[in-house]
Amino acid sequence: MNVSRLHLCSLVMLLATVTGTGAEVPEGMKFIKGGTYRPIFLQESVERQIHDYYLDERQVTNEEFLQFVQQNPGWRRSSIPRIFADEQYLAKWTGDVELGPDADPAAPVTGISWFAARAYLASVGKRLPTLDEWEYAARADESTTDATKNPDFSAKLLTWYSRPTPARMPRADAAPADVYGLHGMHGVVWEWINDFNNSMDTGEGRSGGEIERELYCAGGSIALVDKTDYAAFMRQALRTSLRASFTMASLGFRGAWSADTALPAVTQNAEITHALPPGSIYQLGGIWRNQRDEAVALRSLGGKWQVICMGYTFCKAACPRISAIMRNIERDLSEEAKARTAFTFASFDPKDDTPAQLAKHAKESHLEHWNFLTSDEASVMELAAVLGIKYEPYDGGIAHTNAVILLNPAGEIVARIDGLGASPDPLIQALEQQALPADKPRR
Amino acid sequence: MKLHRNRKIRITALLALLGTSAFFASCERHSASGTQSLDELAEEVAAKVAKLQSSQPPGVPFRSDSAVEEDEPLQGEEIAVLTDPPHVPPPITRKHPSRVKVRLEVIEVEKPMVNGTSYTYWTFGGHVPGKFIRVRQNDEVEFTLANHPTSKMPHNIDLHAVTGPGGGAASSMTAPGHESVFSFKALNPGLFIYHCATAPVGMHVANGMYGLIYVEPKAGLPPVDREYYICQGDFYTKGKYGMPGLQPFDMEKALNEHPDYVVFNGSVGAIAGDNALTAKVGERVRLFVGNGGPNLSSSFHVIGEIFDNLHAEGGTTVTHNVQTTMIPPGAAAITEFRLDVPGTYILVDHALLRAFNKGALGMLKVSGEEDKVIYSGKLSDLVYQPEGSDIQKMPQASVPAAPVAKNKDERIAFGKSIYARVCLACHQAEGQGVPMAFPPLAKSDYLNADVDRAIRVVAFGMTGEITVNGAQFNSVMPQLDFTDEEIANVLTYVYNSFGNNGTEVTPEQVKKARELGPLPTTGAH
């Protein structure tokens with residue numbers, strides 16, 4: 001599986017879950033003619049083919065987002081579950097449905113999580129742009145579609161990146177339009193992209209011992225093609241620091257649309273949010289299928305302690321070792337703890353990990369009593385995001401964070417181990433302590 | 001042949017193990033004579049090794065060897081005292097390691113670089129360098145890195161005191177409005193730099209994201225009377241030194257390693273003039289000095305002092321009687337000295353053009369009784385004069401296009417900014433000068449007596465002996481590459497400040513005085 005194929009495949013999978021595509025191009029969007037571009041974020045300097053698509057001519061504004069939360073109470077500040085947005089969500093607003101003096105109706109809405117941006121865009125028939133779509137268009141200045149070699153252009157961007165966020169944002173359409181007619185791709189706020197969690201290689205997935213190289217000194221520069229494109233460096237650093245629930249005073253979003261796609265917001269399940277703790281990953285919607293080809297909602301995993309990992313069955317390197325860690329946990333648990341615990345393997349690979357393939361894999365591994373799950377790309381993306389797992393197509397496979405995570409019966413993350421060499425003891429201890437009678441002290 | 005080679009390897013290994021000069025000397029002798037067989041040499045070496053091993057330890061152990069031996073149990077929990085530069089948290093007197101909580105907040109702030117010029121600094125705690133962190137060896141540090149919600153960038157921290165990949169950076173990547181927690185055990189004692197390591201790391205460091213953490217050894221340091229915290233850094237701005245306004249970072253200059261500013265503690269004059277460090281005669285002073293870089297090494301020197309003790313590179317070994325210590329970027333040193341003579345001691349990067357033209361100049365003002373035996377006080381200047389008797393041209397003064405003053409008030413206002421940028425480092429904030437080095441401008445008889453002379457001093461510089469308010473000075477006033485307008489403004493400011501006679505100097509007057517040419521050199525030099 002090569003890079004471009006997986007991207008294409010993600011689009012196909014999304015299409016499969018969407019009804020009513022082929023609608024008119026939504027208003028307020030600009031056409032971006034596709035072409036080739038060379039992302040700086042990859043170790044291999046591959047040219048990517050970009051299809052034709054549309055982008056919103058400006059960021060989504062406070063006023064527009066206000067309408068959305070008026071119609072969708074589940075996304076208001078006071079009711080949104082923490083798993084979907086942190087405490088700073090819409091922090092500039094004075095109330096659930098009040099903008100107040102610091103949030104100009106025409107200014108870009110900020111303090112928005114990735115989940116909230118996706119949910120908003122789904123409600124208007126759009127989706128977040130991909131990394132490639134955003135970066136491809138962001139090369140433009142007022143006169144050309146690719147100004148990245150112009151030193152004045154990068155100097156201007158750097159100057160903006162250097163300044164702290166102003167207390168009050170300017171209007172979203174205040175900046176002069178670029179050659180496509182897009183306002184404020186740079187200079188107003190950062191913008192969410194859909195695949196922020198898939199855009200850097202995480203190192204660990206391939207060799208097991210490597211640390212996340214983008215996170216520390218000089219690490220980032222190893223992976224970049226154009227080491228002088230500091231502006232792109234900084235966008236990448238920012239994306240690396242984000243989690244799907246994070247919000248920032250300088251982070252907004254705009255919509256994208258292309259003829260073949262419109263993303264479903266898997267998270268829109270307002271009716272389930274009340275019964276669950278705000279940090280439960282079972283707040284996620286999405287339909288998964290297990291190795292018996294039965295439809296599974298994540299929340300059906302609840303009620304038991306879950307030891308969960310993500311991988312793909314064709315993985316020959318890390319995933320068998322993650323499975324081995326989980327096997328060892330199962331082997332070392334007391335009978336009492338074992339009875340409370342289930343084991344789940346969720347696949348990154350919707351294309352190749354069909355229920356039949358999962359069944360074959362479970363049988364060959366003698367793990368038929370575990371849950372093996374597969375779903376569509378959007379559900380995979382959201383589950384990985386809430387579990388804090390990054391993944392990226394790489395060299396015919398998928399590079400990913402190696403983590404084994406323990407969920408309590410309500411679906412909250414209570415412990416995790418990272419890395420293939422890590423000791424499983426913290427998880428075992430947590431499970432054994434939970435197996436104690438209720439009057440014994442817990443951890 | 002095979003046998004011989006093995007023996008040779010054995011001998012080499014033994015020599016490497018010992019590494020004493022005595023052995024090298026003896027080997028040289030043997031090889032020179034060429035009469036001794038390898039077998040004999042091997043036996044002799046083996047005998048000496050056996051003797052040495054019985055009389056002294058085989059070598060300095062690695063840190064981990066000794067840590068295993070003397071593992072200390074953790075006792076108690078405390079919140080670390082953090083200080084802004086130039087202050088240092090109090091010494092740690094605990095006899096045991098503790099769990100220590102450190103909370104550091106990253107905030108992006110706009111602050112003056114030099115009077116009239118500002119810069120957007122990215123800081124660990126609001127200042128450059130960041131907060132000083134002081135812990136004890138074997139402390140377990142729970143580190144919280146918070147990134148202020150107004151920050152534009154994500155940040156993290158790489159502490160050189162941390163043992164582990166990335167020095168904490170991999171565990172502390174933090175988006176604006178969030179905080180990360182990680183912990184580490186301070187295994188090695190010493191003075192360490194910490195810095196942001198978010199890509200592009202050079203830019204984060206160039207914007208001021210560094211500071212010092214001191215891991216106090218178990219036995220602590222000998223007590224001193226004062227401790228100060230200094231970090232050198234180089235800055236790269238779009239406009240040249242002194243160009244007014246908010247100056248953005250210049251990537252090109254940073255890549256070429258051509259800084260506009262090289263400063264102590266983040267800005268020109270941060271530890272000079274009114275902000276000078278202070279001490280008293282008879283006190284022992286300890287300076288914790290780091291270099292954040294990102295590019296330039298510092299030749300750190302205190303003019304008129306000698307480091308009695310120096311922990312070079314921030315490590316354990318102490319050397320003595322050192323004049324200048326090299327501190328590369330990402331490193332630190334501890335210097336200690338006793339103050340015997342009052343006066344102002346100038347701290348410099350002894351790559352002197354940085355000190356005098358780019359800002360790497362600080363001051364330690366020492367008050368107290370004079371000791372004429374140690375220092376006679378007889379006229380000589382305390383300041384090293386790099387340019388000898390030649391006139392030093394300071395091109396930076398001409399860079400900003402000076403605004404044209406419409407009246408005396410504007411002239412004073414514009415002149416004030418020039419004064420702060422160019423003159424203040426020597427003549428001081430209140431025009432008081434530096435005794436025995438730089439003449440006072442405050443209530444200055446020399447200045448008030450002759451306006452044309454004052455103009456010519458500024459326009460052409462001046463060398464040699466002069467008497468101001470009864471005190472003699474023998475220094476170099478550099479030639480300042482000012483326009484007539486700028487000279488008029490700065491002199492008008494000086495004449496209307498510090499108790500002087502209120503003269504207004506006009507550009508026309510400057511033009512006429514210039515025609516008189518430079519002043520003759522006075523006295524012997």
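Residues numbered from 1 in each chain as written. Chains lettered and ligands numbered in written order. Predicted model: local features only at pLDDT ≥ 70, side-chain atom pairs only at ≥ 80, totals over all residues. Heavy atoms only, no water.

Novice: Can you help me understand the overall build of chain A in this one?
Specialist: If you tally the helices and strands in chain A, you get 13 helices and 16 strands. Counting only residues that meet the buried cut, chain A has 58% of its 443 residues in that class. Contacts spanning at least 24 positions in sequence make up 74% of the contacts within chain A whose residues lie at least 6 apart. Carbon and sulfur atoms provide 52% of the accessible area of chain A, an area that totals close to 17200 Å². (Helix = DSSP H or I, 4+ residues; strand = E, 2+ residues; numbered from the N terminus. Buried < 20%, exposed > 50% of the residue type's maximum accessible area, 1.4 Å probe, protein only. Contact = heavy atoms within 4.5 Å. Areas by Shrake-Rupley, 256 points an atom, 1.4 Å probe, with all protein chains shown as cover.)

Novice: What exactly am I supposed to notice about the pairing of strand 18 (residues 324–327) of chain B here?
Specialist: Two faces belong to every sheet, and in a regular strand the side chains alternate between them. Residue and element names in this part refer to chain B. Of the two faces of strand 18, the one holding Thr325 and Ile327 is buried and the one holding Thr324 and Met326 is not buried anywhere. Relative to strand 18, strand 15 (residues 298–303) runs antiparallel, the two being bridged by 4 bridges. Looking at strand 18, one finds that phenylalanine 300 is bridged to threonine 325. (Pairing = 2+ DSSP bridges.)

Novice: Just checking my understanding: could you explain the confidence of the model for chain A for this structure?
Specialist: Residue and element names in this part refer to chain A. Across chain A, the average pLDDT comes to 81, with 80% of residues at 70 or higher. This model gives residues 200–225 a pLDDT under 50, and the stretch forms 74 contacts once residues within four places in sequence are excluded. Segment residues 437–443: pLDDT under 50, and 8 contacts once partners within four positions in sequence are set aside and those in other chains are kept. (pLDDT = per-residue confidence, 0-100.)

Novice: Before we go on, may I ask you to explain the environment of A:Glu64 in this structure?
Specialist: Residues and elements named next belong to chain A. Inspection of the secondary structure assignment puts glutamate 64 in helix 2 (residues 62–71). For glutamate 64, a relative accessible area of 24% puts it in the partly exposed group. The sequence separation of glutamate 64 and alanine 107 amounts to 43 residues, and the corresponding C-alpha distance is 10.0 Å. Apart from the residues within four sequence positions on either side, glutamate 64 is in contact with Arg58, Gln59 and Tyr120. A polar side-chain atom of glutamate 64 sits 3.0 Å from a polar atom in the side chain of arginine 58. Polar side-chain contacts of glutamate 64 include one of 2.9 Å to the backbone nitrogen of threonine 61. (Polar contact = N/O pair within 3.5 Å; in protein donor to acceptor, adjacent residues only side chain to side chain.)

Novice: Would you explain the sheet that holds strand 1 (residues 29–32) of chain A in this entry?
Specialist: Neighbouring strands of a sheet are bound in pairs by backbone hydrogen bonds; such pairs are parallel or else antiparallel. All names here are of chain A. Read across the sheet, 3 strands follow the order 1-4-7 without closing on themselves; strand pairing throughout is antiparallel. For this open sheet the edge positions go to strand 1 and strand 7 (256–257), each flanked by a neighbour on one side alone. As paired strands, strand 1 and strand 4 (residues 53–56) are joined by 4 bridges and run antiparallel to one another. Residue pairing in the sheet places lysine 30 in a bridge with leucine 55 of strand 4.

Novice: Could you clarify how one ought to interpret the state of the cysteines in this entry?
Specialist: A covalent bond between the sulfur atoms of two cysteines is what we call a disulfide. Residues and elements named next belong to chain A. Taken as a whole, this structure holds 0 disulfides over all chains when the rule is applied. Its sulfur unpaired, cysteine 309 is 7.4 Å from the next cysteine sulfur, which belongs to cysteine 319. Residue class for cysteine 309 comes out buried when judged on its relative accessible area of 1%. As a non-bridged cysteine, cysteine 315 has cysteine 319 as the owner of its nearest cysteine sulfur, 3.0 Å distant. (Disulfide = S-S within 2.5 Å.)

Novice: For this particular structure, what's the right way to read the packing of aromatic side chains?
Specialist: Centre distance and the angle of the planes are the two values used to describe a pair of aromatic rings. Residues and elements named next belong to chain A. With the rule as written, the count across this model stands at 39 aromatic pairs over all chains. For the pair phenylalanine 65 and phenylalanine 68, a centre-to-centre distance of 5.3 Å together with 55° between the ring planes defines the contact as tilted. Residue phenylalanine 65 and its partner phenylalanine 68 are both found in helix 2; the two are separated by 3 residues, about one turn of the helix. You'll find phenylalanine 65 and phenylalanine 68 in the same group, each marked buried. An aromatic cluster of three or more residues is present, and its members are Phe65, Phe68, Trp75, Phe84, Trp93, Trp114, Phe115, Tyr120, Trp192, Phe196 and Phe253. (Phe/Tyr/Trp six-rings, centres within 6.5 Å; stacked < 30°, edge-to-face > 60°.)

Novice: Explain the side chain of A:Gln283 to me, please; I cannot follow it from the model alone.
Specialist: Mapped onto the secondary structure, A:Gln283 falls in the loop between strand 7 and strand 8 (287–290). For A:Gln283, the side chain forms a polar contact with the main-chain oxygen of A:Pro277, separated by 3.0 Å.

Novice: Help me understand the pattern of salt bridges in this model?
Specialist: Side-chain pairs of opposite charge can arise where the charged atoms are in close proximity. Residues and elements named next belong to chain A. If you walk through the whole model with that rule in mind, you get 39 salt bridges over all chains. Where glutamate 133 meets arginine 127, a salt bridge forms, and the shortest distance between an N and an O atom there is 2.9 Å. Both residues of the pair, glutamate 133 and arginine 127, belong to the buried class. Note that glutamate 335 and lysine 338 form a salt bridge whose closest N and O atoms lie 3.6 Å from each other. One end of the pair, glutamate 335, and the other, lysine 338, are both in helix 10 (residues 335–339), 3 residues apart, so they sit about a helical turn from each other. Exposure remark for lysine 338: the relative accessible area of 26% places this residue in the partly exposed category. (Salt bridge = Lys/Arg side-chain N within 4 Å of Asp/Glu carboxyl O.)

Novice: Is there a simple way to explain the side chain of B:Gln137 in this structure?
Specialist: Within the secondary structure, B:Gln137 sits in the loop between strand 4 (133–136) and strand 5 (140–147). At 3.0 Å, the side chain of B:Gln137 and the backbone oxygen of B:Leu187 are in polar contact.

Novice: Honestly, the nonpolar core in this entry has me stumped. Any pointers?
Specialist: What tends to happen in soluble globular proteins is that the nonpolar side chains get buried as a cluster. Core analysis: the largest hydrophobic core is formed by 152 residues, its most contacted members being A:Phe65, A:Phe253 and B:Phe143. Mapped onto the domain boundaries, this core takes at least three residues apiece from domain 1 (15–257) and domain 2 (281–434) of chain A. (Core = buried A, V, L, I, M, F, W, Y, C linked by side-chain atoms within 4.5 Å. Domains from an automatic or database assignment.)

Novice: Before we go on, may I ask you to explain the sheet that holds strand 6 (residues 158–159) of chain B in this structure?
Specialist: Residue and element names in this part refer to chain B. Reading across from one edge, 4-9-8-6 is the order of the 4 strands in this open sheet, with mixed pairing throughout. A strand with exactly one partner marks an edge of an open sheet, and here the two such strands are strand 4 and strand 6. Pairing of strand 6 with strand 8 (residues 190–195) involves 2 bridges; the strand directions are antiparallel. Across the sheet, residue aspartate 158 finds its bridge partner in strand 8, namely histidine 195.

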